[in-house]
Amino acid sequence: MDARQQLTEWLEAHKGQKLMISKLEYGTEMASITDSDHVSMTLEAVTFSDRESRDPDGYVANHELVLRGEGTIQGSKHATGPLPDHHFDIPLEDKMSLSADENQVIVETRHAKYILEANV
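For the structure given in this document, a descriptive report is provided here. (Residues numbered from 1 in each chain as written. Predicted model: local features only at pLDDT ≥ 70, side-chain atom pairs only at ≥ 80, totals over all residues. Heavy atoms only, no water.)

**Here's the deal with the sheet that holds strand β1 (residues 18-26)**
Test applied: By the convention used here, strands pair only if DSSP detects at least 2 bridges between them. Secondary structure elements follow DSSP: runs of H or I no shorter than four residues count as helices, runs of E no shorter than two count as strands, and numbering proceeds from the N terminus. Axis lines are fitted to C-alpha atoms, over the contacting stretch for helices. Their N-to-C directions set the angle, which ranges from 0 to 180 degrees.
On the basis of which strands lie adjacent, the open sheet formed by seven strands has the order β6-β5-β2-β1-β10-β9-β8 and antiparallel pairing. The sheet is open, and its two borders are formed by β6 (80-82) and β8 (97-100), each paired with just one other strand. On average, each strand axis in the sheet is inclined to that of its neighbour by 15°, with strand direction left out of account. Looking at chain direction, strand β5 (residues 71-75) and β6 are connected through three bridges and run antiparallel.

**Quick look at the environment of G81**
What counts here: Note on classification: 1.4 Å probe, protein chains only; a residue is buried when its accessible area is under 20% of the maximum for its type, exposed when over 50%, partly exposed between these limits. Pairs of residues are marked as contacts when any of their non-hydrogen atoms sit within 4.5 Å.
Turning to its location among the elements, G81 is positioned in strand β6. A relative accessible area of 19% means that G81 is categorised as buried. Separated by 42 residues in the primary sequence, G81 and V39 place their C-alpha atoms 9.7 Å from one another. The residues contacting G81, other than those within four sequence positions of it, are G71, T72 and I73.

Rendered as structure tokens:
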């Protein structure tokens, strides 16, 4: 099973549940974490989108996971507010790592690590 299919199955199994999502953004060369966001949301829907053409500079991901639901976001500057447009996007890359168990999945790209926890 590939990472995308494994991620989809995990998310589908947790629809309707409250998730805590931590996004840890890396600085240059994954040397340190430069920014973090924490989202609490009730997962209502999951979609993937694929770009028609690749970004030649590599700034825009080719694939994106969109999580939809009501929630709140807390940024690294400790400001808390409602989740904009009731969705949270995770840019996915062709080369990413994924580890999952019953209550947690970790997606790691060259730009960030996303930790999704269920039953929080």
